[in-house]
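Coordinates in review
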Amino acid sequence: MSKVLVIAQHADGKLSAAVSKTVSAAVAIGGEVVVAVFAVDGAAVAAEAAKIAGVTKVLTVNNAANEHLLAAALAPQIVELAKGYSHVLFPGTTFGKDLAPRVAAKLDVQQVSDIMAVNSPTSFDRPIYAGNAITTVEAPASPLILGTVRLASFQAAAQGGSAAVESASVSATIPTHTRFVNLEAQKSDRPELQSANRVVSGGRALASSENFKIIYDLADKLRAGVGASRAAVDSGYVPNDMQVGQTGKIIAPELYIAIGISGAIQHLAGIKDARTIVAINKDAEAPIFEVADFGLVGDLFQVVPELTGKV
Amino acid sequence: MKALVSVKRAVDYNVRIQVKPDGSGVVTEGVKHSMNPFDEIAMEEAVRLKEKGKITEIIAITVGGAKNEETLRSALAFGADRAIHIKEEGEIQPLTAAKALAAAFKKEGAQVFFAGKQAIDDDANQTGQMVASLLDLPQATFASKVELDGNKATVTREVDAGLETLEVDLPAVITADLRLNEPRYLKLPDIMKAKKKPIDVQSFSSLGVTPGAGLKTTKTSAPPKRSKGIVVKTVDELVAALKGKGLL
Ligand SMILES: Cc1cc2nc3c(=O)[nH]c(=O)nc-3n(C[C@H](O)[C@H](O)[C@H](O)COP(=O)(O)OP(=O)(O)OC[C@H]3O[C@@H](n4cnc5c(N)ncnc54)[C@H](O)[C@@H]3O)c2cc1C
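Here's what I pulled together on the structure shown here. (Residues numbered from 1 in each chain as written. Chains lettered and ligands numbered in written order. Predicted model: local features only at pLDDT ≥ 70, side-chain atom pairs only at ≥ 80, totals over all residues. Heavy atoms only, no water.)

1. Considerations on the overall build of chain A
The test is simple: Elements are defined by DSSP. Helices are runs of H or I of four residues or more, strands are runs of E of two residues or more, and each kind is numbered from the N terminus. Each radius of gyration reported is based on C-alpha atoms, and the globular scaling rule is 2.2 Å times the count of residues to the power 0.38. Throughout, exposure labels follow a simple rule: accessible area from a 1.4 Å probe, protein chains only, divided by the maximum for the residue type, with under 20% read as buried, over 50% as exposed, and the rest as partly exposed. Contacts are residue-level and defined by heavy atoms, with any inter-residue pair within 4.5 Å sufficient.
Scanning chain A from terminus to terminus reveals 8 helices and 18 strands. Taken against the 2.2 N^0.38 rule, which gives 19 Å for 311 residues, the C-alpha radius of gyration of chain A at 21 Å falls within 12% of a compact globule. Dimensions of chain A, computed from the C-alpha atoms along their principal axes, are close to 60 × 40 × 40 Å. Taken over 311 residues, chain A has a buried fraction of 59%. A fraction of 64% describes how many contacts in chain A between residues 6 or more apart in sequence connect residues 24 or more apart.

Rendered as structure tokens:
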């Protein structure tokens, strides 16, 4: 039977929403699901993780070196903890993507990146070429299987569990060669991009950060999260954490509204799982219209304020 | 200070990917290839650091078949001083590539290992981290700003929450994200000069690497197609359509 270890991501004493989606992938593998919380003091985060349905047990590994969840500090501890597990899963966030290969190399296993479907405990689907092809891979069961989970492919596991929380200790030498300096986090009251039901995104056409107000106004009216194309981020209209696409965030909202975005394959890679896509673009030939459920050809500076007034 | 920059040959990012009808993979024959865009950024960063006098020698390195020589020539045109070609045909998985790259890095006694954060073919996002892990070195992935200062590097990273800055001791592994820089256009004289720069050919066996059991790809399929929707003429029509689907 499988025994899956899920590595928890958390910040400011709160469990990341990515964890319950990672648990869903673990549940699909089957067997026991154990969530590991590495923290300075993981009690509060562990209590949250224990409530996720499907979780068998939560382990806390407390260590002052776990303050910033640095890959270099966590990897040797995970390598120790992973003994006896059949699978180790990480959320497919920048946290998991940074950390997982560091653990995989130490355990001498090839990693399965971006698991989008679990076919069996050893067979998984994953996207390649920005999601333009899907491969099915068979991973050797021994010594164990390690992967990251593509969050847009899994629903969050339900609440209502009551797993036991235990503290675990691992003996690992934690290197001091990597030091945290600071985190410039964007504070926003808007729904978080990766879990928002609705997302409104703006592209290069917005032409300035001031003009992005048009996007924010519509988003606020819809209680939507706000995203952007790479071009909008590169031009400095919005911060990097808003980028949607192959190399930004991969999202799966119910409603995605792309405004002044051409629809490059790298952008589309981030929105393939959106339920409904709306495109507003003045160029009727823009590739975004090939994937949009509803398209409106027009000048965003006229159309979007009108839309904001009518929703 | 020596820097090793790993570069990979990949299908060009503008190519529309076709899945083979028999499910055995994607069509790569007769399709334009170029240097993985993230590796170009890594290469550019190394060259800029050399121009600033922080790096003294740049060694471009690749793992792959004979055709990868093209990619190494581009890296040499960017400004690498010499190149190492770990020549192996067929599919190479990240951990195997990382073992070879780590062995070469150690042999060269370099201080910085630069790579792109991911290759746009398999999108694995693993190799740099694995090189760091195999050598017990610090890693600073998804870099959008790099400063080298003596025996330390300060690296700003693009993370989901915003921008994180780390300080790492050298030697270290740094992987490039999109906004680290904008790679230069290669000029003809540099391309000509690159033809004369040396490429040292190595192999897994010369570096003491044995490829282990890896993932087996059993099938490659096209993603579900999104059907083309409808074009509405007015904002009112759009609002009505969204209401009709229960989205407003
Ligand atoms: C390796 C790599 C990775 C990448 N990763 C990503 C990624 O993760 N995410 C991403 O988004 N991109 C990514 N890109 C970039 C991608 O290829 C495109 O360059 C980018 O998505 C373009 O952004 P855009 O659509 O905003 O700009 P453009 O392509 O310039 O499109 C602007 C659109 O706005 C329309 N427009 C202009 N004015 C108006 C107006 N007044 N009203 C209405 N419409 C208007 C135009 O018709 C046009 O369609 C990546 C590229 C590479 C090479």
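Read on for the rest.
2. Re the pattern of salt bridges
Rule in force here: Every case where a carboxyl oxygen of Asp or Glu lies within 4 Å of a side-chain nitrogen of Lys or Arg is listed as a salt bridge.
Across all of its chains, the model carries 35 salt bridges over all chains by this definition. Between Arg16(B) and Glu290(A) there is a salt bridge whose closest N-O contact spans 3.9 Å. With Arg16(B) in the loop between strand E2 (9-11) and strand E3 (33-35) and Glu290(A) in the loop between strand E17 (276-281) and strand E18 (294-297), the pair connects residues from two separate chains. Classification of Arg16(B) as exposed rests on a relative accessible area of 60%. Assessed through its relative accessible area of 39%, Glu290(A) is described here as partly exposed. For Lys117(B), the salt bridge identified is with Asp177(B), shortest N-O distance 3.3 Å. Placement of the pair is Lys117(B) in the loop between strand E6 (112-116) and helix H4 (127-134) and Asp177(B) in the loop between strand E10 (172-176) and helix H5 (188-194), with a sequence separation of 60 residues. Here Lys117(B) falls in the buried class, since its relative accessible area comes to 8%. The exposure class assigned to Asp177(B) is buried, which follows from its relative accessible area of 3%. Among the charged side chains, a salt-bridge network with shared partners connects Arg179(A), Lys152(B), Glu167(B) and Asp169(B).

3. Describing helix H1 (residues 37-51) of chain B
The test is simple: For a helix, the expected span equals 1.5 Å multiplied by the number of residues minus one.
Between its first and last C-alpha atoms H1(B) spans 21 Å; for 15 residues at 1.5 Å apiece the expected length is 21 Å, and the two agree. Looking one or two places after H1(B), you find Gly53(B), whose phi comes out positive at around 80°.

4. Considering the nonpolar core
Defined as follows: Grouping buried Ala, Val, Leu, Ile, Met, Phe, Trp, Tyr and Cys residues that are joined through side-chain atoms within 4.5 Å yields what is termed a nonpolar core.
Counting residues in hydrophobic clusters, the biggest one holds 53 residues, and the most contacted among them are Ile7(A), Leu99(A) and Leu146(A). For this core, the leading source of residues is helix H3 (residues 94-108) of chain B, giving 8 residues. Other than its neighbours up to four places away in sequence, Leu99(A) contacts Ile7(A), Ala71(A), Leu74(A), Ala75(A), Ile78(A) and Phe90(A). Counting residues in each nonpolar core, the second largest holds 39 residues, with Ala3(B), Phe78(B), Ala140(B) and Ala153(B) among its members.

5. Looking at the packing of helix H3 (residues 71-81) of chain A against helix H4 (residues 94-107) of chain A
All names here are of chain A. For clarity, the threshold we go by: Angles shown run from 0 to 180 degrees and are taken between the N-to-C directions of axes, each axis being a line fitted to C-alpha atoms and, for helices, limited to the stretch in contact. Convention used here: angles under 35 degrees read as roughly parallel, angles over 145 as roughly antiparallel, angles from 65 to 115 as roughly perpendicular, and any remaining angle as oblique. We call a crossing left-handed when the near helix sits turned anticlockwise from the far one by less than a right angle, and right-handed when that turn is clockwise. Asp, Glu, Lys and Arg are counted as charged, while Ala, Val, Leu, Ile, Met, Phe, Trp, Tyr, Cys and Pro are counted as nonpolar; the rest, among them Gly, fall into the polar class.
The N-to-C vectors of H3 and H4 enclose an angle of 45°; their axes lie 9 Å apart at closest approach. It follows that H3 is oblique to H4 by the angle criterion. The chirality of how H3 crosses H4 is right-handed. Here H3 contributes Ala71, Ala72, Leu74, Ala75, Ile78 and Val79 to the contact with H4, which in turn contributes Phe95, Asp98, Leu99, Arg102, Val103, Lys106 and Leu107. Tallied by class, residues from the contact of H3 with H4 come to 10 nonpolar, no polar and 3 charged.

6. Here's the deal with the sheet that holds strand E10 (residues 133-138) of chain A
Heads up, the condition is: Pairing between two strands is assigned when DSSP locates at least 2 bridges connecting them.
Across the sheet, which stays open at both edges, the 4 strands sit in the order E8(A)-E9(A)-E10(A)-E12(B) with antiparallel pairing between neighbours. Edge positions in the sheet fall to strand E8 (117-120) of chain A together with strand E12 (216-221) of chain B, since each of these pairs with one other strand and no more. Strand-to-strand twist in this sheet, taken as the mean axis angle between neighbours without regard to direction, amounts to 30°. Both E10(A) and E12(B) contribute to a ladder of 5 bridges, which runs antiparallel. For Val137(A), the partnering residue across the bridge sits in E12(B) and is Thr217(B).

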